[in-house]
Amino acid sequence: MTHIDAGAELDPVHPVPLPAPARAHGLSAAEVAERVARGEVNDVPVRSSRSMGEIIRANVFTRFNAIIGVLWLIMLVVAPFQDSLFGYVIIANTGIGIIQEWRAKKTLDSLAVIGEAKPTVRRDGVAAEVSTSQIVLGDLIEIGPGDKIVVDGRCVEADGLEIDESLLTGEADPVIKQRGDEVMSGSFVVAGGGAFTATKVGREAYAAQLAEEASRFTLVQSELRSGISTILKYVTWMMIPTAIGLVISQLVVKEHGFKEAIARTVGGIVPMVPEGLVLLTSVAFAIGVIRLGRKQCLVQELPAIEGLARVDTVCLDKTGTLTEGGMDVTELRPLQGADETYVRRVLGALGESDPRPNASLQAIINAYPDSEEWRCTESLPFSSVRKYSGATFSEGNGETSTWLLGAPDVLLPAADPALGETERLNEEGLRVLLLARASKDLDHPGVAEGARPAALVVLEQRLRPDAADTLRYFAEQNVKAKVISGDNAVSVGAVAGKLGLSGAVVDARHLPDEKEEMAKSLDKGTVFGRVTPQQKRDMVGALQSRGHTVAMTGDGVNDVLALKDADIGVSMGSGSEATRAVAQIVLLNNSFSTLPSVVAEGRRVIGNITRVATLFLVKTVYSVLLGVLVVCWRVEYPFLPRHLTLLSTLTIGVPAFFLALAPNKERAKPHFVRRVMRYSIPGGLIAGTATFVTYLVARHYYTGEGQLEAETSAATLTLFLISMWVLAIVARPYTWWRIALVATMGAAFLLVLVVPGLQHFFALKLVGTTMPWIAVGIAAVAAATLEFLWNWVDRRFPA
């Protein structure tokens, strides 16, 4: 018969007694083992990336691979080996995509383990950190400020415990929790501490479902990828009728035999497929993840690389971002004749009263040892909303006193002389806390009213050595930096000034509540102090309402709401569990200087993919146009697959790979599809028209045996020269390696034209001198037209 303690509570899922408050030692090792055997474990697999099987399926089983694969099999049967080269290119492309994404997966998985949350679980009366997946039903989990509630549970200990459930309910105000109250997974602690018993684990817990979904490796939900999907949809609709018409026309014409008609039909269909565009996008993103991973930067959502590149305003939390987490007490200034020895004793007792001190209180603990005679009877944890903490002590001599420690301008009336001294210290960039004796009980709503100042505690913040360079980088890149802090505005302004950040300093308590007016104030100001957590969120929204793309950095619980609402949330690795959970990017090395690398990586990806997309889609447009013109004129398609494989490799494939991975500092612009198509459509129309004109002229010029091969060679020359001009335009602005790249591709084509073996392999031989020079002349006119048209498009339809 099982004995159930009268004070014990029953688990709502299984009738197993939970610990009574008097003996809250947590589960025993035997109970943990028993629950593991029953499968009552929080075993939701938190995947930071796709599995290897998913990676292979995503790269192999695509719509365009299926089209190319069928055409390749046909060509292996009916045509020489060189006309099926395009199939081997697709195999190589797919292999590159799989390898790069697998490398990105390994990087993400290793970083996710480093950044994984480690809840503190009490078992057999001993508290220890365990991984989230090792929590079992009925475990006793300790929580404090910044901790995320990882499973659903019921509170069994509460000491001033305040939990923010806004991420679940949308309600911004923290909820005070008492013993017996339910706690919801996905919420987080903003003040106080306590412990709760796990009542729902695994997939039953709401947070586990959110975490699994949020941390999954994503290649979607970004403007870049959705834009490419839109383009591919249009391409498919253009391809289908053109390909059908081409098949019918070539089989009807087939003056040179059935097999060659099939080969030329396939030659017309294959270049319509922008097969490398998706590959290069995936490779660019994957290499971005790998590069950032080497700098200890965990990208929790892949489009964040792209998003940060679009950012034009970055909101910085001072503590932990511009300054290092630690502080030092530099001076203690007693007020109103207070005894300094007694004040030191009070500060030591205050430090001891908080089991989870913040950076300011930790500095006080380091400076002032605890007095053993003093005993804390009640405590009020620090809250970023009220800006102070407090405690009531039994002093050992029979006396009881209540003390508050917090922001002087919050605890003191506006006319108090101590504020003048505080202001002077703040102007030097020092942080100042006020120790005040309260005349009311700690649980009184107006406990701060009438508090008598006892001392000013002066703290020096350690500036991050890399902060000034990072701020300078943002200024050079035309990204506005806004420092948003809960500290005194003057003090924050002084810190910002030391780092070279100039601009108006604003006390956020005087900011207007109306969104539009707040946005105007935010545009004018640079440094904002005394900002509440809700105000941080409102400020992000106000900036976004004026069309700004906003990044928010932070490491504390007061930053969570703003991080979640910002376009890109960036958390420090040492920050609270809650901030790491909602941020898209986590700087595991806590280095603010990593941010420029992330911005640069995003700009590289977007800017380069825009360039590369233009190359691929010019080819698609001219291929569709050539197909339509061939059908209308009822002539043979001018090219075999080998010709277009050669052109694609030299003017698109090889150059695109280098261009996609090159440095690019240009800020990303919106409307990806519009910007790509406004170049691709005119470029493709000019290239297709000029090539077909050369083909028709050659058909009238050449007669007799070898006529089709000569016509094809002349048309290939025109198409190559125009495609090279497109490449030359896309490669601007020129650097030595871009010039070398274009020149090398030109030299490779020239080699094919002059080496007999390559001439035979690619069926390319220029006959005579007149027609080749006509082909060059047509290409020159087309190139000049292209320059004019693209410049006109730039002026007429600015991006």
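The text that follows walks through the structure, step by step, so that each part is easy to find. This is a predicted model, so every value here is computed, not measured. (Residues numbered from 1 in each chain as written. Predicted model: local features only at pLDDT ≥ 70, side-chain atom pairs only at ≥ 80, totals over all residues. Heavy atoms only, no water.)

### A closer look at helix 27 (residues 770-796)
Counted at 1.5 Å a residue, the expected span for helix 27 with its 27 residues is 39 Å, and the 39 Å between its end C-alpha atoms agrees. For helix 27, the set of buried residues is Met771, Pro772, Ala775, Ile778, Ala779, Ala782, Ala783, Leu786, Glu787, Trp790 and Val793. (Helix = DSSP H or I, 4+ residues; strand = E, 2+ residues; numbered from the N terminus. Expected span 1.5 Å × (residues − 1). Buried < 20%, exposed > 50% of the residue type's maximum accessible area, 1.4 Å probe, protein only.)

### Examining the environment of Val599
Looking at where Val599 falls in the secondary structure, it is placed in helix 21 (residues 595-633). Residue class for Val599 comes out buried when judged on its relative accessible area of 4%. A C-alpha to C-alpha distance of 32 Å links Val599 and Ser360, two positions 239 residues apart in sequence. Setting aside its immediate chain neighbours within four residues, Val599 contacts Leu308, Ala309, Tyr473 and Phe474. (Contact = heavy atoms within 4.5 Å.)

### Comments concerning helix 22 (residues 641-660)
In an α-helix there are 3.6 residues to a turn, and that puts residues three or four apart on one side. By the largest-angle criterion, Thr649 marks the main kink of helix 22, which is about 50°. Summarising burial for helix 22: 15 of the 20 residues are buried, a large majority. (Bend = angle between axes of the 7 residues up to and from the residue.)

### Brief notes about the environment of Val654
In this structure, Val654 sits in helix 22. Judged by relative accessible area, Val654 falls into the partly exposed class, the value being 29%. It is 54 Å that separates the C-alpha atoms of Val654 and Val36, two residues lying 618 residues apart in sequence. Residues in contact with Val654, not counting those within four places in the same chain, are Thr649 and Met745.

### Notes on the pattern of salt bridges
Between side chains of opposite charge, a pair can form when the charged atoms approach closely. According to the stated counting rule, one finds 27 salt bridges in the structure shown. Of the charged contacts in the structure, one is a salt bridge between Arg509 and Asp409, with a shortest N-O distance of 2.9 Å. Taken together, the residues span a long stretch of sequence, with Arg509 in the loop between strand 19 (504-507) and helix 17 (515-524) and Asp409 in helix 13 (residues 408-411) at a distance of 100 residues. Note that Asp565 is salt-bridged to Arg537, the shortest N-O span being 2.7 Å. You can see Asp565 sitting in helix 19 (residues 560-565) and its partner Arg537 sitting in helix 18 (residues 533-545), a full 28 residues away along the chain. Asp565 gets classed as partly exposed once you look at its relative accessible area, which sits at 29%. Judged by relative accessible area, Arg537 falls into the buried class, the value being 16%. What you see here is one network of salt bridges that share partners, running through Asp409, Asp507, Arg509 and Arg530. (Salt bridge = Lys/Arg side-chain N within 4 Å of Asp/Glu carboxyl O.)

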